[in-house]
Amino acid sequence: MASALRIDRVLVSGLGLAMGALAVVAPLEVAITFVIALASFPLGRERKLAFLVGAASIALGGFRAEHRERSFLEARARAPAGSRRCEGMAVVDSSPVREHGSFRWTALFDARSCEGDPAPIERSRVAFYSEGGSFARGDEALVIAQIAPPEEMWNVETGDPRPAEARRDVLYSGGIVAARVVSRGRGIGAWIDRARAHARRRIDASFDPDIAPMARALVLGESDLENGDDQAFRASGLAHLLAVSGAHLVIVVAGFVAFVRACLVRIPRLAARSDVSRIAAVPGVFGSWIYADFAGGSGSAWRAAWMLSFALAARALGRRADGPRAFALSLVVMLALDPLASFDVSFVLSAAATAGLFLFASNAAAWIHAIVPSLGSKFARAASASFGASLACSPVLARIAPSLPAGGLVANLLAVPVGELVALPLCLLHTLLSPLPDAERGCALVASGGLRVVLSLARFFSATATSVPLVTSWQLVALGFGIVAVAALRGTRRLLVVAFAAVALCACEVASVRSGSAHGSLRVSFLDVGQGDSAIVDFPDGTTMLIDAGGLVGSPVDVGRRVLAPVLRARRKKRIDVVVISHPHPDHFGGLATGLENTAMGEVWDSGQGEREGVGGVYAAFVERARASHVAVRRPADICGSHEIGGAKVTVLAPCPAYDRDFGPNDNSLVLKIEFGRRAFLFVGDAEAHEEENLLRRGDLRADVLKVGHHGSRTSSSAAFVGAVGPAEAVISVGSRNRFGHPNPRTLETLLHAGARVWRTDANGEVQIETDGENLTVTSPK
């Protein structure tokens, strides 16, 4: 970036390709970053060349990323929405990965027939979920599956999901109903997949059930830990130990190359005539690719494999291995092969950690050794490596995680030697010992001890996690410049850039806090949570109400963690004044536990039907947590009628004075009318015919915005009811994967006939409607 580092045009090319891809979603941020980066270089010919190379790379990267995204979106636009059962031939094209008790794998699928749709699905990539993981790449199978387009969940605060979806290139996903392999694959990919299946079986057979997921993560790159353990590793800063990171790959491949060299040295004639280190580097290149594939083929694994390949190839050719140049080449090749690699979190974290090592490791080691000479140079180098990688990754982690590990440096110094130098080699050795049962059991026992130590450290240091707000794209720019300036610049220029980054960071935070609340207006955000309901109401004085929290039934996707919590972090919401559970169905309360995990509550409004009828799970745990925290849980007898909240009028219309025991939860939904000035919003939960009839008898339903009942079902939104409301805007919270046919065509016709403009979260993403009491403004990301 400046005088402390030479201007490597290969590195500039790699960074330019990455920035070009990011320009698809953040063009202004990329342009400003490029300009400021160039300004940091000294004037001269090098800066001119850097400008030309960088500008060309950004343009090329942006063009290729945009082209790939557009091609994917065109294909997806032709894919019918909704869930359906299809039968056809599938050719497996990815290794099965165990997730949440099932196996995920992708295949090119030709559907011969689909229920309710005579049009075939031709050569589309589908992500299948099956109970068994016996499939391998190249296998051809006759498949019957329930498939649908993946849920997009596009919310303003969490960013545009389309580039990441285009990179995965999956048009449908769903569960296998029945499958029969017609022919087995025969390539190297199939061989590796069967080796993975063997390793998985032996781990499950030899390790205790609570430790087996950790061993699978370490060896196969499968993230299948219990939720509590998974969160502990993330919060403690030790998640990389259970991922196939660059360091992981280096340890394994370096050990393999050392083994090959040791064998070659024992051949006297060869050792006397040749440099066996150069010869051993050749199988190391191939070994890095085979192992990266065997270990799950993540973006971080492939990037590290490329970097190792360049370094080992240089050694094989008798040249000095140049780490920074190998790193730069790995970026260029990865982004040339995959123009959307910048949207792969594992790739980005791997690249950031490696850059942190180059930028900080040597200086940090000198600082640590100078401050505490008694610790020794080896400890100083280990601490500096951990510090450099952690510092460089922290901006990315603050974008995707709710907390940063304050004790991460110490945790890594204690856990890395045990995890990577003890548990990893033993787990890998274990995969080769199945012919020797006693040795296999003994190896698993010792490896389990190491993994239990790592798990204990993760649980202990998870308590040091510090909550952080969701970092905006502009804050990422500021943080990136500040971090690189500390490492790469000197003197006055360093001070100026760091000061500028600090001011920019604070200014962005002030802007984020301000935009997170409405000021003198009423704002309602209907979140895109798939097939479910969730809305955030920002009142004129800053008071916040949450009406439902979504929840995908029968899906491993946690809507609270994926949508609600990040949105609240982005808006800097540390407290929800009123939490409303419209009715006790999981597509309305499922996201409460994780979505509000780090958020204080003022009070909870609930019909009471769920508790009386013994609804358990998330609902019962949430109500219990509220009471344990001395949060009032208020029922219809307390809340029916009108309330002045945050400068607006909130009226609970039903079920009043209590829920009707003769009807189910849908027809006992809490119905709220929120009025501000001349404008009104009506929230009806999943109200159906019976509750709508009761509301019609009550009257006073006129509203400008209607949250359409029951996701647009045919059992809701009668012509009489919609006519009584007379909405100008109607919002349907619905998922693209729903198997119910929501919204029903008759309901859409009723709404349109009443003169309402219809918004759908599956088609429009998050829908925000704001009013100053006179005018309505509607925005959505699509």
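Residues numbered from 1 in each chain as written. Predicted model: local features only at pLDDT ≥ 70, side-chain atom pairs only at ≥ 80, totals over all residues. Heavy atoms only, no water.

**Some thoughts on the overall build of the protein**
Secondary structure summary: the protein contains 28 helices and 23 strands in total. In summary, the protein has a C-alpha radius of gyration of 28 Å against a globular reference of 28 Å for 782 residues, a match within 12%. For the C-alpha atoms alone, the extent of the protein along its principal axes is close to 100 × 65 × 50 Å. Considering only residue pairs separated by 6 or more positions, the protein has 70% of its internal contacts joining residues 24 or more positions apart. In the structure as shown, the protein presents an accessible area of about 33800 Å², 60% of it carried by carbon and sulfur atoms. Between the averaged position of the 81 positive side-chain charges in the protein and that of its 74 negative side-chain charges there is a distance of 11 Å. (Helix = DSSP H or I, 4+ residues; strand = E, 2+ residues; numbered from the N terminus. Rg over C-alpha atoms; globule rule 2.2 N^0.38 Å. Contact = heavy atoms within 4.5 Å. Areas by Shrake-Rupley, 256 points an atom, 1.4 Å probe, with all protein chains shown as cover. Lys, Arg positive; Asp, Glu negative; His and termini not counted. Charge placed at Lys NZ, Arg CZ, Asp CG, Glu CD.)

**Details of the sheet that holds strand S20 (residues 729–732)**
Spatial strand order, S15-S16-S17-S18-S19-S20-S21: 7 strands in an open sheet with mixed pairing. Each end of this open sheet is capped by a strand with a single partner; those strands are strand S15 (641–645) and strand S21 (757–760). Ignoring strand direction, the axes of neighbouring strands in this sheet form an average angle of 20°. In this sheet, S21 lies alongside S20 in parallel orientation, the contact comprising 4 bridges. Its bridge partner lying in S21, isoleucine 732 is registered against arginine 760. Across the sheet, helix H25 (residues 689–698) is in contact with strand S16 (648–654) and strand S17 (671–676); its angle to S16 comes to roughly 120°. (Pairing = 2+ DSSP bridges. Axes fitted to C-alpha atoms, helices over the stretch in contact; angles between N-to-C directions.)

**Looking at the packing of aromatic side chains**
To describe a pair of aromatic rings, you give the distance between the ring centres and the angle between the ring planes. Tallied over the entire structure, the rule returns 12 aromatic pairs. Taking the centre distance of 5.1 Å and the plane angle of 85° together, the rings of phenylalanine 460 and phenylalanine 461 count as edge-to-face. For phenylalanine 460, a relative accessible area of 59% translates into the label exposed. Exposure remark for phenylalanine 461: the relative accessible area of 10% places this residue in the buried category. (Phe/Tyr/Trp six-rings, centres within 6.5 Å; stacked < 30°, edge-to-face > 60°. Buried < 20%, exposed > 50% of the residue type's maximum accessible area, 1.4 Å probe, protein only.)

**A few points about the pattern of salt bridges**
When their charged atoms lie close together, side chains carrying opposite charge are able to pair. Taken as a whole and assessed by the stated rule, the structure comprises 49 salt bridges. We note a salt bridge from aspartate 538 to arginine 523, for which the minimum N-O separation is 3.0 Å. Taken as a pair, aspartate 538 in strand S10 (residues 535–538) and arginine 523 in strand S9 (residues 522–526) lie far apart in primary sequence, 15 residues in all. Residue aspartate 538 shares its accessibility class with arginine 523, and that shared class is buried. As a salt-bridge pair, lysine 573 and aspartate 538 come within 2.8 Å of each other at their nearest N and O atoms. Note that lysine 573 is positioned in the loop between helix H19 (559–570) and strand S12 (575–581) and aspartate 538 in strand S10, a separation of 35 residues in sequence. Aspartate 538 matches lysine 573 in its accessibility class, with the two residues each being buried. Connected through shared salt-bridge partners, Arg98, Arg196, Arg200, Asp204, Arg216, Glu222 and Asp224 make up one network. (Salt bridge = Lys/Arg side-chain N within 4 Å of Asp/Glu carboxyl O.)

**Topic: the sheet that holds S9**
Ordered by their spatial adjacency, 8 strands build an open sheet running S14-S13-S12-S11-S10-S9-S22-S23, and the pairing between neighbours is mixed. The sheet is open, and its two borders are formed by strand S14 (632–634) and strand S23 (776–779), each paired with just one other strand. Neighbour-to-neighbour, the strand axes of this sheet turn through a mean angle of 20°, independent of strand direction. Across 3 bridges, strand S13 (residues 600–606) lies against S14 in parallel orientation. Considered in S14, the bridge of tryptophan 605 is made with arginine 634. Helix H23 (residues 617–628) contacts S12, S13 and S14 of the sheet and is inclined by roughly 125° relative to S13.

**Brief notes about the packing of helix H1 (residues 9–22) against helix H3 (residues 45–77)**
Interaxial distance between H1 and H3 falls to 7 Å at its minimum, and their mutual angle equals 35°. In this structure, H1 meets H3 at a crossing whose hand is right-handed. The segment H1 lies against H3, with Arg9, Val12, Ser13, Gly16, Leu17, Met19, Gly20 and Ala21 engaging Glu46, Leu49, Ala50, Val53, Gly54, Ser57, Ile58, Leu60, Gly61, Gly62 and Ala65. A breakdown of the residues in the contact of H1 with H3 according to their chemical character gives 10 nonpolar, 7 polar and 2 charged. (Left-handed = near helix turned anticlockwise from the far one by under 90°. Nonpolar A, V, L, I, M, F, W, Y, C, P; charged D, E, K, R; others polar.)

**Digging into the confidence of the model for the protein**
Considering every residue of the protein, the mean pLDDT works out to 90; 95% of them sit at 70 or more. Note on residues 1–5: pLDDT is under 50 here. Beyond four places in sequence and across chains, it has 17 contacts. (pLDDT = per-residue confidence, 0-100.)

**Quick word on the pairing of strand S4 (residues 121–130)**
Inspection of the sheet shows strand S3 (residues 102–114) paired to S4 by 8 bridges, in the antiparallel sense. What sits directly across from alanine 107, in S4, is valine 126. Two strands pair when backbone bridges link them, and S4 and strand S6 (residues 172–183) are joined in this way by 4 bridges, in the parallel orientation. Bridge pairing in S6 places valine 126 opposite tyrosine 172.

**Focus on the state of the cysteines**
Tallying each qualifying case throughout the model produces 2 disulfides. Here cysteine 640 is linked by a disulfide to cysteine 656, with a sulfur-sulfur distance of 2.0 Å. On the sign convention where negative means left-handed, the S-S torsion of about -100° between cysteine 640 and cysteine 656 marks this disulfide as left-handed. Of this pair, cysteine 640 sits in the loop between helix H24 (636–639) and S15 while cysteine 656 sits in the loop between S16 and S17, and the two are 16 residues apart along the sequence. A relative accessible area of 27% places cysteine 640 in the partly exposed class. Judged by its relative accessible area of 36%, cysteine 656 falls in the partly exposed class. Each disulfide of the protein joins two cysteines, and with those cysteines numbered along the sequence the arrangement is 1-2, 3-4. Lacking any disulfide linkage, cysteine 263 is separated from the closest cysteine sulfur, that of cysteine 443, by 19 Å. What makes cysteine 263 partly exposed here is its relative accessible area of 36%. Summary of cysteine pairing: cysteine 508 is not part of a disulfide, and the nearest cysteine sulfur, belonging to cysteine 506, is at 9.3 Å. (Disulfide = S-S within 2.5 Å.)

**Thoughts on the pairing of strand S11 (residues 544–547)**
In S11, alternate side chains face the same way, and those of Thr544 and Leu546 on one face and Met545 and Ile547 on the other are all buried. As judged from the 4 bridges shared by S10 and S11, these two strands associate in the antiparallel manner. Following the sheet pairing, isoleucine 536 is matched in S11 by leucine 546. Hairpin geometry of S10 and S11 is characterised by an intervening segment of 5 residues between the two adjacent antiparallel strands and by a positive phi of about 100° at glycine 542. Where S11 and S12 come together, 3 bridges link them in parallel fashion.

**A short note on the environment of aspartate 110**
Tracing the sequence through the fold places aspartate 110 in strand S3. Relative accessible area serves as the criterion here: at 29%, aspartate 110 is assigned to the partly exposed category. Separated by 584 residues in sequence, aspartate 110 and asparagine 694 have C-alpha atoms that sit 50 Å apart. Excluding residues within four positions of it along the chain, aspartate 110 makes contact with Glu87, Gly88, Met89, Ile121, Glu122 and Arg123. Among the polar contacts listed, one links the side chain of aspartate 110 to the backbone nitrogen of arginine 123, at a separation of 2.6 Å. (Polar contact = N/O pair within 3.5 Å; in protein donor to acceptor, adjacent residues only side chain to side chain.)

**Considering unusual backbone geometry**
In this model, cysteine 656 is joined to proline 657 through a cis peptide bond whose omega is 5°. For proline 657, the location among the structural elements is in the loop between S16 and S17. A cis geometry characterises the amide bond from histidine 742 onward to proline 743, with omega recorded as -10°. Locating proline 743 in the fold gives a position in the loop between S20 and helix H27 (745–753). You will see that histidine 710, though not glycine, has its phi angle at about 50°, which is positive. Positionally, histidine 710 belongs in the loop between strand S19 (705–707) and helix H26 (719–725). Residues other than glycine seldom take positive phi values, yet serine 717 does so here, at roughly 60°. As for its position among the elements, serine 717 is in the loop between S19 and H26.

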